[in-house]
Protein chains: 2
Amino acid sequence: MRLIGREEIENIALGASFFGAGGGGNPYVGKMMAIAAVEKFGPVKLVSTDEIEEEDLFISVAGMGAPTVLAEKIPNGNEYRHAFEKISQYIGKQFTGVFPIEAGGVNSMIPLVVAAQLGIPLVDCDTMGRAFPELQMTTLHLGGINISPLVITDEKGNISVTETVTDKWAETILRAETTEMGGQAAVALYPCTGANLKQWGVHGIVSQCEVVGQMIEQASGSKEDPYEALLRETDGFHLFQGKIVDVIRTTKNGFNFGTIQIDGLDQNKGSRCEIDFQNENKIAKVDDRLSAVTPDLIILVDTETLVPVTTENLKYGKRVRVLATKANPLWRTKKGIETTGPRYFGYDMDFKPVEDLQKEEV
Amino acid sequence: MRLIGREEIENIALGASFFGAGGGGNPYVGKMMAIAAVEKFGPVKLVSTDEIEEEDLFISVAGMGAPTVLAEKIPNGNEYRHAFEKISQYIGKQFTGVFPIEAGGVNSMIPLVVAAQLGIPLVDCDTMGRAFPELQMTTLHLGGINISPLVITDEKGNISVTETVTDKWAETILRAETTEMGGQAAVALYPCTGANLKQWGVHGIVSQCEVVGQMIEQASGSKEDPYEALLRETDGFHLFQGKIVDVIRTTKNGFNFGTIQIDGLDQNKGSRCEIDFQNENKIAKVDDRLSAVTPDLIILVDTETLVPVTTENLKYGKRVRVLATKANPLWRTKKGIETTGPRYFGYDMDFKPVEDLQKEEV
């Protein structure tokens, strides 16, 4: 157990936007909410999955919808707690702590807000080890842990408790509600036991976000090559370095789709990297040769500062490095690939691990 | 108290399609479900609002969505009971009986199904005295009785309990869920007391549907002019008689919009009647002169059989009589007109009572 205060929050938010793999939203609003909460209620206890009891109950709280809306439609700060309290009342049991659904600028922060408000611990695990766009794209889902009952609420006070026959139905129904509620809503989902998190959570992700965030924060003052250190820490693969020359965007069903074109610089001069995104980066190709594919993480960082570049911050002329890291092993199982692999997102190709693709290249 | 069996159901369904004012759906599917339920579980007790206790709790169960979908997506028969049981469990109290939300081919029947299945009474009142397309268009809403908590469920078993800050928000959120659930869903809504129904219900509507249904059923063997008798029974005004020569339809947001053109016959020869509908008939004009307008009821019946013609059964060449009846006085209040008057439905005109419009014409 250790305490999470303002400084830790800054680093976690920055690191989470790295693991967001282009998605998960801009960390600014979430971070500001979390900092305000710990300054008002005191620091939050972060507990590892080894420290929680098997039979205790835990739940995730998150924002649903386009993170870009969040910046314009500021939550009143109570809707996440409202969602948490409603699910507890509905089930008739107390939850011991909360955990983030994903690593991402916004949803890594929201459980911290609730944990601070209620004085309960945050568990150091999530259910993706990265960001994904749909509610059923979780390692708990892979473990057969039911998403239901789950709660959705808005800043006005409308609230629903839903039980669905599949996790995908929860995604479908709550996505429609989110749209009606103005594009952003608060959800409480995946009520589960400590045993479930020990078996199916992505362990240590909050701490890993913090470490990575700190490395990025200190990159400019670092002696050794900070990018090399980042690759080593995340077991990552350098894919490309260059300048963004084109970004094509479309919005469909509340998701951001698009393609990024990057012209090579330095050792990549004369090459071109193309990245397809659907909220998160999904496919990276260098000179039409596949370099990495979902569920592996494809991450863009600013060439100089190493600050992660999320899809809403893509800009012509920006110099970036492209790297990839291995998805959690649960995502590389048959069910994992069915749930978040390239075919689910409409690409006619099989998943190939980034390490194999890199070997092929050599 | 009296018992409702197969014969009563036939008449109620037929009469309800009259008060549906063009909407409320084809009575066939609802009627078949209700008949199957009373044949299996025995007849249903119909109790008047005078016979219920002020402090007892009651709730409405209904189908939401396009009634046309119902014929293709047959309910499994348990989803309405499922909705009823969930709301009872959520509130932690027992409901004494059920009441129809509206008079219409489908929703006059569904509470009968649940009443039969659970052996509880049906209250002889509804919340519209006709059919309307949205959940907040009820006399309970006019009385400030909250629609929440309310339940929506589908035939697969997905289920939500929702509490909203306004009745209109319930309409918005559940409409989106209904669409995702395939265009038709079961809802339980307006939990209320006997006192609420005594004060704000449209009393005796089930019995009135039955009387009107019986009159229509026996129209062909009647000695006196059955149409005149129908007008007398319903305090109605004859507007027009003719042949449908055109029906223009559009579908928007799950609602059926359109215009009906009727060329006059007999005493209306040389005249034309135009009726605008949005699920229900909303405006009737004869030779461009306003004859009746929502919330008053505009009803088309087959010229010979007097069987009500709902908007989905409009056909070129069909001979019809057009009549209008006065909306329940609650609909003619300021809040009633704001909720269901012509301006709510996008028409730039004020409400005028049908009896005044008829006087003007003379």
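Residues numbered from 1 in each chain as written. Chains lettered and ligands numbered in written order. Predicted model: local features only at pLDDT ≥ 70, side-chain atom pairs only at ≥ 80, totals over all residues. Heavy atoms only, no water.

## Points about the pairing of strand β13 (residues 272–278) of chain A
All names here are of chain A.
- Across seven bridges, strand β12 (residues 255–264) lies against β13 in antiparallel orientation. Along β13, the bridge assignment pairs F257 with Q278.
- Summarising the sheet, β13 and strand β14 (residues 280–286) pair through six bridges and their orientation is antiparallel. Paired with E274 across the strands is K285, a residue of β14. (Pairing = 2+ DSSP bridges. Helix = DSSP H or I, 4+ residues; strand = E, 2+ residues; numbered from the N terminus.)

## Side note on the domain arrangement of chain A
Residue and element names in this part refer to chain A.
- On domain assignment, one finds that chain A holds domain 1 (2–205) and domain 2 (221–361).
- Computed over C-alpha atoms, the centres of domain 1 and domain 2 are 25 Å apart.
- The junction of domain 1 with domain 2 conceals about 2500 Å² of combined surface from both sides, 67% of it contributed by carbon and sulfur atoms.
- Three residues stand out in domain 1 for area buried against domain 2, namely F18, R130 and L142, and they jointly supply 27% of the buried area on that side.
- Our count for the contact surface shared by domain 1 and domain 2 stands at zero salt bridges.
- At the junction of domain 1 with domain 2, the criterion picks out nine residue pairs in polar contact (both at pLDDT 80 or more). (Domains from an automatic or database assignment. Buried area = accessible area lost by both parts, 1.4 Å probe. Salt bridge = Lys/Arg side-chain N within 4 Å of Asp/Glu carboxyl O. Polar contact = N/O pair within 3.5 Å; in protein donor to acceptor, adjacent residues only side chain to side chain.)

## Focus on the pattern of salt bridges
- In this structure the tally under the stated criterion is 36 salt bridges over all chains.
- The salt bridge partner of A:K156 is A:E155, with a shortest N-O separation of 3.1 Å.
- Accessibility expressed as a relative area gives 27% for A:E155, which makes it partly exposed.
- B:E210 is paired through a salt bridge with B:R2; the nearest N and O atoms lie 2.6 Å apart. Of this pair, B:E210 sits in helix α9 (residues 205–217) while B:R2 is found in strand β1 (residues 2–4), placing the two residues 208 residues apart along the sequence.
- You can call B:R2 partly exposed: its relative accessible area is 31%.
- Among the charged side chains, a network of salt bridges with common partners joins A:R6, A:E10, A:K31 and A:E39. (Buried < 20%, exposed > 50% of the residue type's maximum accessible area, 1.4 Å probe, protein only.)

## Some details on the interface of chain B and chain A
- Of the residues lining the interface, 19 residues belong to chain B; the matching set on chain A comes to 19 residues.
- Taken over both partners, the interface formed by chain B and chain A buries close to 1800 Å², and the fraction arising from carbon and sulfur atoms is 57%.
- The largest share of the area that chain B buries against chain A comes from B:N158, B:W169 and B:E180, three residues that together contribute 28% of it.
- At the junction of chain B and chain A, the tally comes to two salt bridges.
- Scanning the region where chain B abuts chain A turns up eleven residue pairs in polar contact (both at pLDDT 80 or more).
- Contributions of two or more residues to the side of chain B that touches chain A are made by α4 (79–91), β8 (159–163) and α7 (167–180) of chain B.
- Considering every element that reaches the side of chain B that touches chain A, the biggest residue donor is α7(B), with six residues.
- Of the residues in the side of chain B that touches chain A, the class split is eight nonpolar, six polar and five charged. (Contact = heavy atoms within 4.5 Å. Nonpolar A, V, L, I, M, F, W, Y, C, P; charged D, E, K, R; others polar.)

## Some remarks on the relation of the copies chain B and chain A
- Superposition of chain B onto chain A requires a rotation of 180 degrees combined with a translation of 0.0 Å along the rotation axis, giving an RMSD of 0.0 Å. Both copies are brought into coincidence by an operation consistent with a two-fold rotation axis. Looking at the rotation axis and the C-alpha trace of chain B, the residue lying nearest is B:V161, at 2.6 Å.
- An overlap of 100% is found between the interface residues of chain B and their copies at the interface of chain A, pointing to a shared contact surface. (Least-squares fit on C-alpha atoms with pLDDT ≥ 70 in both.)

## Brief notes about unusual backbone geometry
- Along the chain, A:T294 connects to A:P295 via a cis peptide bond; the corresponding omega equals 10 degrees.
- Residue placement: A:P295 occurs in the loop between β15 (289–293) and β16 (297–302).
- The omega angle of the peptide bond from B:S148 to B:P149 is -15 degrees, so this bond is cis rather than trans.
- With respect to the helices, strands and loops of the structure, B:P149 is situated in the loop between α6 (139–142) and β7 (150–153).
- The backbone of B:D235 shows a phi angle near 55 degrees, a positive value even though the residue is not glycine.
- Checked against the element boundaries, B:D235 lands in the loop between α10 (226–234) and β11 (237–252).
- The backbone of B:D287 sits at a positive phi, close to 50 degrees, despite the residue not being glycine.
- Following the sequence through the fold, B:D287 ends up in the loop between β14 (280–286) and β15 (289–293).
- Taking relative accessible area as the criterion, B:D287 reaches 44% and is therefore assigned partly exposed.

## Looking at the sheet that holds β13(A)
Residues and elements named next belong to chain A.
- Strands sit in the order β15-β14-β13-β12-β11-β17-β16 across an open sheet of seven strands; the sheet is antiparallel. Two strands lie at the open edges of the sheet, namely β15 and β16, each paired on one side alone. Ignoring which end each strand starts from, the neighbouring axes of this sheet average 35 degrees apart.
- Its contacts with the sheet put helix α10 (residues 226–234) on β11 (237–252), β16 and β17 (319–325), and the angle it makes with β17 is roughly 20 degrees. (Axes fitted to C-alpha atoms, helices over the stretch in contact; angles between N-to-C directions.)

## Regarding helix α1 (residues 6–19) of chain B
All names here are of chain B.
- Here α1 is 14 residues long and its end C-alpha atoms lie 20 Å apart, about the 20 Å a rise of 1.5 Å per residue gives.
- Within α1, ten of the 14 residues are buried, which leaves it mostly tucked inside the rest of the structure.
- Taken residue by residue, α1 has I9, N11, I12, A13, L14, G15, A16, S17, F18 and F19 as its buried positions.
- Positive phi shows up at A21, right after α1, with a value of about 55 degrees. (Expected span 1.5 Å × (residues − 1).)

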